[in-house]
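Structure assessment
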Amino acid sequence: MTTDQDLSMDGASIAAVFAAKGIDVTPKKDQGIIKVFKRHGHDGERPMIGDRVTIHYTGSLLTGKKFDCTRDRKESFSFNVGKGQVLKAWDIGVLSMQRGEVCTLLCKPEYAYGSAGNPDKIPPNSSVLFEIELLKFELGEKLTDDGGIIRRIKVKGDGHLNPNDGSVVDVHLEGSCDSRVFDIRDVSFVVSESEDKGVPLGVDRAIDKMQKGECCILYLSSKYGFGRKGKPEFEIGPDKDVVYEVTLKDFKRAKEPWEIDLHEKLKLASEIKHKGNQYYKAGHYYHAVIQYRRIVSWLEMEFGQALEQQKRINDFLLSSYLNLALCFLRIQDFSLVVENCNKVIEQDASNEKALYRRGEARLHRNEFNLAMVDYQLVLQVNPANRAAHRQISTCRSKMKEYHELDKKTYANMFQKFAERDTKNGRRKRKREEQQEQ
C-alpha cells in the first residue's frame, strides 16, 4: 500500500512511485490513470456504468497544492458514473473501486483538465492527483419514470446508433428470478414486438437505449416482466420481479418516419393496427399500446393530398386513440383514458365510444357528475344504449352512497366537537369551583 509519505515528493518522484506501485486502470493501458490503494474496500461488487455513486475527493497538483476538496466543503459529491458527467479520470477510476475504498489516482492531462487546464487553479497540460473515497452507490439508472426498468451497464457498446421501433435485433439473454436462472438463449426479434418471441416488455423497452456490443443488467418490475399472468413455461408466478442480462450482438434499424412517404405509412399503419389488436385480444395491453402509439406518431402531423387520403389518416388516428383508451381502461390508467378520449371528441364530438369510455374512466375516478354527463351525451347519440342507462343508475347510486357517507362523517365530526366542548366546559367549571373554595 502506498502511504502519504510516499506521495510527499516532487512530481517526478510521485510519477515514479505510482509507476512502481500503482495499477493502470485505463482501458487502453496507456498509463493515463494510475491507482494506488490507501484503504481497501468491502468485499463485493463494484459500480457499473450508470450507477449513482457518492464520493469524497481531494484534488491536488503534483506540487502538493490542493485545489478542491469536498471535506473542506463538508459535503459529498454524487454523479452517475461512466456517463460523461465528470472528468474522464473519475468515470474510469471510480468504476474500479469497491464501497468504502480509498485510493489516490495519478491522472494525465488528457484524463483530467487537458491542454486548457482550469483558470487560476490548474495550469495547462497538468497531471493531477485525486484522493477518492467511494462512500456508496445506488444500482443503475431508471429508464422509466415509475422506476420499473433499471439498467446497469457491464460492457459499454460501440458507436452512437441505437435500435428503434421496428428494428430487428440479435441478442443474448439470461433471465433470472429469485436467483434462479430460467432463460438462457440467443434470439432475434422485432423491437416493439418482443412478445412474439416470449421476451418481456422491459427488455423490449430498454433495447432502444443500447448500442451494439453492450451488455447490461436489467432489473424489471413485474409490470415490465411477465405481469399478473406470470410465465408458467419458465415457472414464473404472477407479479414477480425478474432480472435479465442482455447483450446486443447486432441490429438492423428500421426506417425513421421521415424516411417513409405517406402512402407507405398508411399501408404499414394497417399492419401495425392489426398487430396491436392481436396483442389486445391476448391481454398484452402494454404491447398493444406501443403499436397504437406508433400509428399516432406517424400520422398525427400528416395531411392527405386528397379527401380520401385525409379520411384514411383521420380514421387511423381516431381508431388508435379509441384503442389506446380501451387499453388504458384495462391497465387502469384512467387519466390517459380521458386524454385519448378527448382527442377523439375534439374531432368527433358525438363519438359514442369515446364518450362512453371517458365516462367509465371518470366513474372509476369517482367523478360521478362528470361521468353522468358523458353517459347522458351517449344517450343523445344513441338512446338505445342500455349500458349507458345502467351506468347513469350506477352514478346516481354512488353519489347517494357518498352523500350518506359525508353526512355520517360530518355527524361524527360534530359529535366529537360537542363532546370535546362539553369536556372542556366541565374542566373549566371545576377549576372555577376550586378557585371559589
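Refer to the structure above for everything that follows.
What comes next concerns the included structure.

Conventions used here
- Residues numbered from 1 in each chain as written.
- Predicted model: local features only at pLDDT ≥ 70, side-chain atom pairs only at ≥ 80, totals over all residues.
- Heavy atoms only, no water.
- Axes fitted to C-alpha atoms, helices over the stretch in contact; angles between N-to-C directions.
- Helix = DSSP H or I, 4+ residues; strand = E, 2+ residues; numbered from the N terminus.
- Parallel < 35°, antiparallel > 145°, perpendicular 65-115°, else oblique.
- Left-handed = near helix turned anticlockwise from the far one by under 90°.
- Contact = heavy atoms within 4.5 Å.
- Nonpolar A, V, L, I, M, F, W, Y, C, P; charged D, E, K, R; others polar.
- Core = buried A, V, L, I, M, F, W, Y, C linked by side-chain atoms within 4.5 Å.
- Buried < 20%, exposed > 50% of the residue type's maximum accessible area, 1.4 Å probe, protein only.
- Pairing = 2+ DSSP bridges.
- 1 Å grid on protein atoms, 1.4 Å probe; cavity = no way out; pocket = protein on both sides within 12 Å on 5 of 7 lines; lining within 4 Å.
- Points joined across faces, edges and corners; volume = space filled by probe spheres on them.
- Polar contact = N/O pair within 3.5 Å; in protein donor to acceptor, adjacent residues only side chain to side chain.
- Salt bridge = Lys/Arg side-chain N within 4 Å of Asp/Glu carboxyl O.

A word on the packing of helix 8 (residues 307-331) against helix 10 (residues 352-364)
It is at 10 Å that the axes of helix 8 and helix 10 come closest, and there the two elements cross at 25°. When the axes of helix 8 and helix 10 are compared, the pair comes out roughly parallel. Read as a crossing pair, helix 8 and helix 10 show a hand that is left-handed. Contact residues: Leu322, Asn323, Leu326 and Leu329 in helix 8; Lys353, Ala354, Arg357, Glu360 and Ala361 in helix 10. Tallied by class, the residues present in the contact of helix 8 with helix 10 amount to five nonpolar, one polar and three charged.

Observations concerning the environment of threonine 58
Examined against the element boundaries, threonine 58 turns out to sit in strand 3 (residues 52-61). Once residues lying within four places of it in the same chain are set aside, the contact partners of threonine 58 are Lys66, Asp68, Cys69, Leu129, Phe130 and Glu131.

What about the nonpolar core?
Leu299, Phe328, Val337 and Tyr375 are the most contacted members of the largest nonpolar core, which totals 48 residues. Mapped onto this core, the elements with two or more residues apiece are helix 6 (262-281), helix 7 (285-299), helix 8, helix 9 (334-347), helix 10, helix 11 (368-381) and helix 12 (386-436). With near-sequence residues (within four places) excluded, valine 337 lies in contact with Ala325, Phe328, Leu329, Arg357 and Ala361.

Some details on the sheet that holds strand 10 (residues 168-177)
The strand order across the open sheet formed by six strands is 8-9-12-13-10-11, and the pairing between neighbours is antiparallel. Each of the sheet's edge strands pairs with one partner strand only, and the pair in question is strand 8 (141-142) and strand 11 (180-190). When strand 10 meets strand 11, the two strands line up antiparallel, connected through 10 bridges. By the bridge assignment, glycine 175 is partnered in strand 11 with aspartate 183.

Regarding the packing of helix 10 against helix 11
Angle between the axes and distance between the axes: these two values describe a pair of packed helices. Where helix 10 meets helix 11, the axes come as close as 8 Å, and the angle between the chain directions of the two elements is 160°. Taken together, helix 10 and helix 11 sit at an angle that is classed as roughly antiparallel. Judged by the twist between their axes, the crossing of helix 10 over helix 11 is left-handed. Here helix 10 contributes Glu352, Leu355, Tyr356, Arg358, Gly359, Glu360, Arg362 and Leu363 to the contact with helix 11, which in turn contributes Phe368, Leu370, Ala371, Asp374, Tyr375, Leu377, Val378 and Val381. A per-class count over the contact of helix 10 with helix 11 returns 10 nonpolar, one polar and five charged.

Quick notes on the layout of surface pockets
The volume enclosed by the largest pocket comes to roughly 550 Å³. In terms of lining residues, the largest pocket is bounded by 20 residues, among which Phe226, Gly227, Arg228, Gly283 and Tyr286 are the most central. Elements supplying a minimum of two residues to the lining of the largest pocket: helix 7 and helix 8. A total of three residues in the lining of the largest pocket trace back to one element, the largest contributor, which is helix 7. In terms of residue class, the lining of the largest pocket is made up of six nonpolar, seven polar and seven charged. In this model, the second largest pocket occupies a volume close to 370 Å³. Lining the second largest pocket are 15 residues, and of these Pro27, Lys88, Asp91, Ile92 and Tyr111 sit closest to its centre. Looking at side-chain class alone, the lining of the second largest pocket contains six nonpolar, three polar and six charged residues.

Here we look at unusual backbone geometry
Positive phi values are uncommon outside glycine, yet asparagine 125 reaches one of about 55°. Considering the arrangement of structural elements, one finds asparagine 125 in the loop between strand 6 (102-107) and strand 7 (128-138). A residue is classified by how much of its surface remains accessible, and asparagine 125, at 53% relative accessible area, is exposed. The phi angle at glutamine 332 is positive, at roughly 70°, despite the residue not being glycine. Turning to its location among the elements, glutamine 332 is positioned in the loop between helix 8 and helix 9.

Considering the pairing of strand 13 (residues 242-252)
Across nine bridges, the pairing between strand 10 and strand 13 is antiparallel. Within strand 13, the position partnered with valine 168 by the bridge is lysine 252. Pairing of strand 12 (residues 215-220) with strand 13, which is carried by six bridges, proceeds in the antiparallel orientation. Counterpart to leucine 220 in the pairing with strand 13 is valine 242.

So, the side chain of threonine 26
When you line up the elements, threonine 26 lands in the loop between strand 1 (23-24) and strand 2 (33-39). A polar contact is formed between the side chain of threonine 26 and the side chain of aspartate 24, at a distance of 2.7 Å. If we ignore the near neighbours within four places in the chain, the residues touching threonine 26 are Gln31, Gly32, Ile33, Ile92 and Tyr111.

Comments concerning the pattern of salt bridges
On inspection of all chains with the given rule, the structure shows 31 salt bridges. Between lysine 275 and aspartate 196 there is a salt bridge, with the nearest N and O atoms lying 2.8 Å from each other. Residue lysine 275 is located in helix 6, and its partner aspartate 196 is located in the loop between strand 11 and helix 5 (201-207); the two are separated by 79 residues in the primary sequence. A relative accessible area of 17% places lysine 275 in the buried class. Of the charged contacts, one joins arginine 358 and aspartate 374 as a salt bridge, the two residues approaching to 2.7 Å between their closest N and O atoms. Note that arginine 358 is positioned in helix 10 and aspartate 374 in helix 11, a separation of 16 residues in sequence. For arginine 358, a relative accessible area of 11% translates into the label buried. Judged by its relative accessible area of 0%, aspartate 374 is buried. The network of salt bridges with common partners includes Lys83, Glu141, Arg151 and Glu214.

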